Amino acid sequence: CWLMALGFDATKVAAVGGVGGLALGLAAQSVVGNGVAALIILATAPCKVGDKVEVGLPELRFQGEVKEIGWNATAIKEPEGRLVYIPNGVMLDTPLVVMEEVKFDEEDCDAEYDDGPDCIADNSTSETKD
């Protein structure tokens, strides 16, 4: 073995290499996890650049516009102007709310306040009034 020819003990080199590989694997775990999470976010598209979102748990919640979905983190610009980078793993593991503006024409809606949810129809299927 060439290690012995150089004066190294092969078992010690193998042990150090094994421990070093384990340390490197554990250190890279979050980076690889966030990269996989980025692929999932891009493939399933729970949110996209330009969406207004709210992400996180009740004790730590962020709200703003998605500016970038990177390999490691998603950038969200808060209303105050701060740019927050949230790891993609957190984006998948915590509740994500995409806030959409719901617009409807009150004249096209025949539902009354006391009506139940079954009587409220989608505007795209309702007949237009003259």
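With that settled, consider the overall build of the protein chain. The number of helices and strands found in the protein chain is three helices and five strands. Its helices and strands taken in sequence order, the protein chain reads α-α-β-β-β-β-α-β from the N to the C terminus. For the protein chain, the proportion of its 130 residues judged to be buried stands at 20%. Looking at the protein chain alone, contacts between residues at least 24 apart form 37% of all its contacts between residues at least 6 apart. For the protein chain, the exposed surface amounts to about 9800 Å²; the carbon and sulfur share of it is 59%.

Taken in spatial order, the five strands of this open sheet run S4-S3-S2-S1-S5, and their pairing is antiparallel. The sheet is open, and its two borders are formed by strand S4 (83–87) and strand S5 (96–99), each paired with just one other strand. Averaged over all pairs of adjacent strands, the angle between strand axes in this sheet comes to 40°, irrespective of strand direction. In this sheet, S5 lies alongside strand S1 (residues 52–57) in antiparallel orientation, the contact comprising four bridges. Its bridge partner being in S5, Val55 is matched across the sheet by Leu96.

To continue, consider the confidence of the model for the protein chain. The share of residues in the protein chain with pLDDT of 70 or more is 74%, and the mean pLDDT across the chain is 77. Predicted confidence in the protein chain is weakest over helix H1 (residues 2–5), with a mean pLDDT of 67, and strongest over strand S3 (residues 73–77), with 94. Predicted confidence for residues 121–130 stays below pLDDT 50, and this span has seven contacts to residues more than four positions away or in other chains.

A few words on the nonpolar core. In this structure, Ile41, Cys47, Val53, Val55, Val66, Ile69, Ile76, Val84, Ile86 and Met91 together form the largest nonpolar core, which totals 10 residues. Where this core is concerned, the elements lending two or more residues are S1, strand S2 (60–69) and S4. Discounting chain neighbours no more than four positions away, the residues touching Met91 are Ile41, Cys47, Val55, Thr74, Ile76, Ile86 and Leu96.

The full count for this structure, using the stated rule, is six salt bridges. Linking Lys48 and Asp51 is a salt bridge whose minimum nitrogen-to-oxygen distance equals 3.2 Å. Notably, a salt bridge pairs Arg82 with Glu80, separated by 3.6 Å at the nearest N-O pair. Within the structure, one salt-bridge network assembled from shared partners comprises Lys52, Glu65 and Lys67.

Rules behind the numbers
- Residues numbered from 1 in each chain as written.
- Predicted model: local features only at pLDDT ≥ 70, side-chain atom pairs only at ≥ 80, totals over all residues.
- Heavy atoms only, no water.
- Helix = DSSP H or I, 4+ residues; strand = E, 2+ residues; numbered from the N terminus.
- Buried < 20%, exposed > 50% of the residue type's maximum accessible area, 1.4 Å probe, protein only.
- Contact = heavy atoms within 4.5 Å.
- Areas by Shrake-Rupley, 256 points an atom, 1.4 Å probe, with all protein chains shown as cover.
- Pairing = 2+ DSSP bridges.
- Axes fitted to C-alpha atoms, helices over the stretch in contact; angles between N-to-C directions.
- pLDDT = per-residue confidence, 0-100.
- Core = buried A, V, L, I, M, F, W, Y, C linked by side-chain atoms within 4.5 Å.
- Salt bridge = Lys/Arg side-chain N within 4 Å of Asp/Glu carboxyl O.

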